[in-house]
Amino acid sequence: MSRFDFTPYRRSTVGFDRLFDLLENQARLNAGDNYPPFNISRRGEDNYRITLAVAGFRPQDIDITAQQNLLVVQGRKRDEAADGSELIHVGIANRGFERRFELADFVRVESADLADGLLTIDLVREVPEAMKPKKIAINGAARLTAVPVEGEDGEASAA
């Protein structure tokens, strides 16, 4: 297991304690169980998707809870052999799980879908207008305007 030492960065930065604590805690928490497997993909500048492999779970077996800066996905174990048959071999994982994902500020869950054993959770980052960069006028002019940021495609867009 690799351990990160953020001490040199803690000495030379101010206000990043939460970030360093988050990185250290995530490394410690994710060292164990890796069930269910998942992917995180970026689908646009402010759009993300988390995909979890949850074969055998029904929508009513899964709870998705979004709190501020935290997304929790829980799966409840279902009773085996509800039809009264006796299982001779159990090779398909049917155990409960809990996955936690730390979310950045202003990231919210847009939708969730379960199809073909894959749970997809779409996330979107929506920065409020009040938090976007503003151009500050010099010498008392009170006009504030959003600063255009040039995107990767060369077009200007409001950041």
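Just above, that's the structure.
Residues numbered from 1 in each chain as written. Predicted model: local features only at pLDDT ≥ 70, side-chain atom pairs only at ≥ 80, totals over all residues. Heavy atoms only, no water.

Participant: Run through the nonpolar core, naming residues and quoting values.
Facilitator: Within the largest apolar cluster, 15 residues are counted, with the highest numbers of intra-cluster contacts made by Ile 50, Val 54, Leu 71, Val 73, Leu 119, Ile 121 and Leu 123. Elements supplying a minimum of two residues to this core: strand E2 (47-53), strand E4 (70-75), strand E5 (97-102) and strand E7 (118-125). Ranked by the residues each element gives to this core, the list is headed by E7, at 3 residues. Filtering out sequence-adjacent residues up to four positions away, Ile 121 remains in contact with Tyr 48, Arg 49, Ile 50, Leu 52, Ile 64, Leu 71, Val 73, Val 109, Ser 111 and Ala 112. (Core = buried A, V, L, I, M, F, W, Y, C linked by side-chain atoms within 4.5 Å. Buried < 20%, exposed > 50% of the residue type's maximum accessible area, 1.4 Å probe, protein only. Helix = DSSP H or I, 4+ residues; strand = E, 2+ residues; numbered from the N terminus. Contact = heavy atoms within 4.5 Å.)

Participant: Could you give an account of the packing of aromatic side chains, with specific residues and numbers?
Facilitator: According to the stated counting rule, one finds 3 aromatic pairs in the structure shown. Here Tyr 35 and Phe 97 contribute two aromatic rings whose centre-to-centre distance is 6.1 Å and whose plane-to-plane angle is 90°, an arrangement assigned as edge-to-face. Within this pair, whereas Tyr 35 is found in the loop between helix H2 (17-29) and strand E1 (38-42), its partner Phe 97 is found in strand E5, the two being separated by 62 residues in sequence. Classification of Tyr 35 as buried rests on a relative accessible area of 14%. Geometrically, the ring pair formed by Phe 57 and Phe 97 is edge-to-face, given 5.3 Å between the ring centres and 85° between the ring planes. In this pair, Phe 57 is assigned in the loop between E2 and strand E3 (62-67) and Phe 97 in strand E5, connecting sequence segments 40 residues apart. When its relative accessible area of 7% is taken as the criterion, Phe 57 is described as buried. Given the relative accessible area of 7%, Phe 97 is considered buried. When the ring centre of Tyr 35 is taken as reference, the NZ or CZ atom of Arg 95 above it lies at 4.1 Å. (Phe/Tyr/Trp six-rings, centres within 6.5 Å; stacked < 30°, edge-to-face > 60°. Lys NZ or Arg CZ within 6 Å of the ring centre and 35° of its normal.)

Participant: Go over the sheet that holds E3 with me, naming the residues and quoting the values.
Facilitator: Taken together, the 3 strands give an open sheet; going across it, the order is E3-E4-E5, and neighbouring strands pair in antiparallel fashion. The open sheet terminates on both sides in strands that have one partner only, identified here as E3 and E5. With direction set aside, neighbouring strand axes in the sheet form an average angle of 10°. When E3 meets E4, the two strands line up antiparallel, connected through 6 bridges. Each residue of the ladder has a partner; that of Thr 65, found in E4, is Val 72. (Pairing = 2+ DSSP bridges. Axes fitted to C-alpha atoms, helices over the stretch in contact; angles between N-to-C directions.)

Participant: Outline the pairing of strand E6 (residues 107-115), supporting the account with residue identities and numerical values.
Facilitator: Sheet analysis places E6 next to E7, joined by 8 bridges and oriented antiparallel. By the bridge assignment, Val 107 is partnered in E7 with Arg 125. Here E6 hands over to E7 after 2 residues, with Asp 116 in that stretch at a positive phi of 55°.

Participant: An account of the sheet that holds E1 is requested, with residue identities and associated values reported.
Facilitator: The 4 strands lie next to each other as E1-E2-E7-E6, forming an open sheet whose pairing is antiparallel. Both outer strands of the open sheet, E1 and E6, are each paired with one neighbouring strand and no more. On average, each strand axis in the sheet is tilted by 15° relative to the strand beside it, whichever way the strands run. Direction of pairing for E1 relative to E2: antiparallel, over a ladder of 5 bridges. Considered in E2, the bridge of Ile 40 is made with Ile 50.

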